[in-house]
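Fold and geometry: a report
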Amino acid sequence: MSDILTPELKAWLQLSLVPGVGPSNFIRLLQDIGLPEIILHSSTATLSRSVKPQLAQQIKQEVDIALLQQTSEWLMQSGNGILTLADSDYPQQLLQLPDPPPLLYLKGQRQLLNQPAIAVVGSRNATEQGNQNARLFSRHLSDAGFCIVSGMASGIDRAAHEGGLAGRASSIAVIGTGMDRVYPARNRDLAHKLAEEGLIISEFPLGTQPLAGNFPRRNRIISGLSVGCLVVEATLNSGSLVTARLAAEQGREVMAIPGSIHSPQSKGCHQLIKQGAKLVETAQDVLE
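Let me begin by describing the structure that accompanies this report. Model, not experiment: these values are computed from the prediction.

Analysis parameters
- Residues numbered from 1 in each chain as written.
- Predicted model: local features only at pLDDT ≥ 70, side-chain atom pairs only at ≥ 80, totals over all residues.
- Heavy atoms only, no water.
- Salt bridge = Lys/Arg side-chain N within 4 Å of Asp/Glu carboxyl O.
- Helix = DSSP H or I, 4+ residues; strand = E, 2+ residues; numbered from the N terminus.
- Buried < 20%, exposed > 50% of the residue type's maximum accessible area, 1.4 Å probe, protein only.
- Pairing = 2+ DSSP bridges.
- Contact = heavy atoms within 4.5 Å.
- Axes fitted to C-alpha atoms, helices over the stretch in contact; angles between N-to-C directions.
- Right-handed = clockwise from strand over helix to strand, strands pointing away.
- Core = buried A, V, L, I, M, F, W, Y, C linked by side-chain atoms within 4.5 Å.

Now for the pattern of salt bridges. Within the structure shown, the criterion is met by 11 salt bridges. In this structure, Arg-135 and Glu-162 form a salt bridge, with 2.9 Å as the shortest nitrogen-oxygen distance. Of this pair, Arg-135 sits in helix H7 (residues 128–143) while Glu-162 sits in helix H8 (residues 156–166); the two residues are 27 residues apart in sequence, bridging distant segments of the chain. Taking the relative accessible area as the measure of exposure, Glu-162 reaches 25% and is therefore partly exposed.

Structure below.
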């Protein structure tokens, strides 16, 4: 095992790789027992006071050495890193969440994580006007000093990242796969640009596939990193409405761009506005 993994980081990784631990159990163990090194050396009986006995037994079993080795090799590549809850530069905004990710895999400009940020999200099947709005709003907001956070999906997410990267404050992509995957594959060019000029982050271990359940979970990080969430275009069943709901629950400002009453791509935004989201027509409205 390479010495790039300190004993502390190795313990954080080991605990995070136990199937079923997840953010909530991880945080409960930290609160009840202490740092991961102590948790891993605790008895099954001690662990069972904090988590279910079955999970306590899994924590005591052998770790996936191959995945640890793969992660160690990934960390040796330029621009790659892992941030834990114990690190001083862990994003302050995420610490406000009830279930902050215990570990964040990073690729790119780490310092962007503690800059003021705005989430810009919307439909994967966006209209040309929607993409244009996402790009222009994001460019203006980035030039005004707000890093643009989105999910690197097709459509509005992609346009938002492009606008953020073109502006002064850059862009952060929060992905729902392992860092060794680009999803969707057609965004490979965008992923390369984000890795060079912006930042890509994930709470999921290397090798994690794009499973449907990962995306609502990653949405809490998109909204959590941001002071506000702008929905550009969304149908009534769009995943971006999940991000908007999480943003509202986290006490963030929710904003939406209105559209035609006849367009299905605007119905989600109109619903948000009816529920109290701020109607915005310009980037200046967002800044105010």
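Right, let's talk about the sheet that holds strand E1 (residues 80–84) for a bit. With respect to topology, 9 strands assemble into an open sheet ordered E1-E2-E6-E5-E4-E3-E7-E8-E9, the strand pairing being mixed. Edge positions in the open sheet fall to E1 and strand E9 (278–279), since each of these has one partner strand only. In terms of strand pairing, strand E8 (residues 253–256) meets E9 through 2 bridges, oriented parallel. Its bridge partner being in E9, Ala-256 is matched across the sheet by Leu-279. Packing of H8 onto the sheet brings it into contact with strand E3 (117–121), strand E4 (147–150) and strand E5 (171–174), and relative to E4 it is tilted by some 160°.

This part is about the pairing of E4. Burial along E4 is two-sided: the face carrying Cys-147 and Val-149 and the face carrying Ile-148 and Ser-150 are both buried. Taken together, E3, H7 and E4 form a β-α-β motif whose crossover is right-handed. Following the backbone out of E4, through H8 and into the adjacent parallel E5, one traces a crossover that is right-handed.

In this structure, Leu-15, Ile-59, Ile-82 and Tyr-105 are the most contacted members of the largest nonpolar core, which totals 37 residues. Listed by contribution, the elements that provide at least two residues to this core are helix H1 (7–16), helix H2 (22–32), helix H3 (36–40), helix H5 (53–60), helix H6 (65–75), strand E2 (103–108) and helix H9 (188–197). The biggest single contributor to this core is H1, with 5 residues. Not counting the four nearest positions on each side in its chain, Ile-82 is found in contact with Leu-9, Leu-13, Thr-71, Trp-74, Leu-75, Asp-87, Leu-103, Leu-104, Tyr-105 and Arg-110. Core analysis: the next-biggest nonpolar cluster, separate from the first, contains 31 residues, Tyr-90, Leu-94, Leu-241 and Cys-269 among them.

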